[in-house]
Amino acid sequence: MTDSASNLLAILLGLGVFAIIVAVGWRSVQNRRIVRLQAADGRETIIVAREDDEITSVATETAAAPRIES
């Protein structure tokens, strides 16, 4: 095999592996569901779940934020 044929084959195989990685990543992103909840004080809770997950309830816990004094 000549050098140019080897280089072309290496590039094509690299592009094929890259395409497979992108396809798997895209599929996993598409099967996600994002739920955003906003409290009365403006705080936000974000839940990332799979498409077939059942979200029946959300328990939140609040704690006072530490005060920064200057």
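Predicted, not measured: the structure shown is a model, and the values here were computed from it.

### Things to note about the overall build of the chain
Moving on, step 1. In terms of regular secondary structure, the chain is built from 1 helix and 2 strands.
Moving on, step 2. The secondary structure elements of the chain, listed N-terminal to C-terminal, are α-β-β.
Moving on, step 3. In the chain, buried positions account for 3% of the 70 residues.
Moving on, step 4. Put simply, the chain shows about 6800 Å² of open surface, and 58% of that area lies on carbon and sulfur atoms.

### Overview of the environment of Val29
Moving on, step 1. Note on placement: Val29 falls in helix α1 (residues 3-30).
Moving on, step 2. Owing to a relative accessible area of 52%, Val29 belongs among the exposed residues under this scheme.

### With respect to a nonpolar patch on the surface
Moving on, step 1. Among the surface-exposed residues, Leu8, Ile11, Leu12 and Leu15 lie close enough to one another that they form a single nonpolar patch of about 410 Å² accessible area.
Moving on, step 2. Mapping Leu8 onto the fold places it in helix α1.

### Examining the pairing of strand β1 (residues 32-38)
Moving on, step 1. When β1 meets strand β2 (residues 44-50), the two strands line up antiparallel, connected through 7 bridges. Looking across to β2, one finds that Ile34 is bridged to Val48.
Moving on, step 2. Where β1 folds back onto β2 in an antiparallel hairpin, the turn is made up of 5 residues, including Gly42, whose phi is positive at roughly 95°.

About the thresholds
- Position labels on residues start from 1 in each chain and follow its written sequence.
- Confidence filtering applies because this is a predicted model: local features only for residues at pLDDT of at least 70, side-chain atom pairs given and counted only at 80 or more, and all residues used for totals across whole chains, interfaces and linings.
- Side-chain measures here rest on the full set of heavy atoms in the structure, leaving out hydrogens and waters.
- Only DSSP runs of H or I covering at least 4 residues are called helices, and only runs of E covering at least 2 are called strands; the numbering of each starts at the N terminus.
- Accessibility here uses a 1.4 Å probe with only protein chains present; expressed as a share of the type maximum, an area under 20% marks a residue as buried, one over 50% as exposed, and anything in between as partly exposed.
- Calculation of accessible area relied on Shrake-Rupley with a 1.4 Å probe; when residues are assessed, cover is drawn exclusively from the protein chains displayed.
- Note that patches include only residues with greater than 30% relative accessible area and no salt bridge, and the join distances are 9 Å for like charges and 5 Å for nonpolar side chains (Val, Leu, Ile, Met, Phe, Trp, Tyr).
- Take a side-chain nitrogen of Lys or Arg and a carboxyl oxygen of Asp or Glu: if they are within 4 Å of each other, that pair is a salt bridge.
- Two strands are said to pair when DSSP picks up at least two bridges between them.

Bear in mind that shape data such as this cannot, by itself, settle questions of function.
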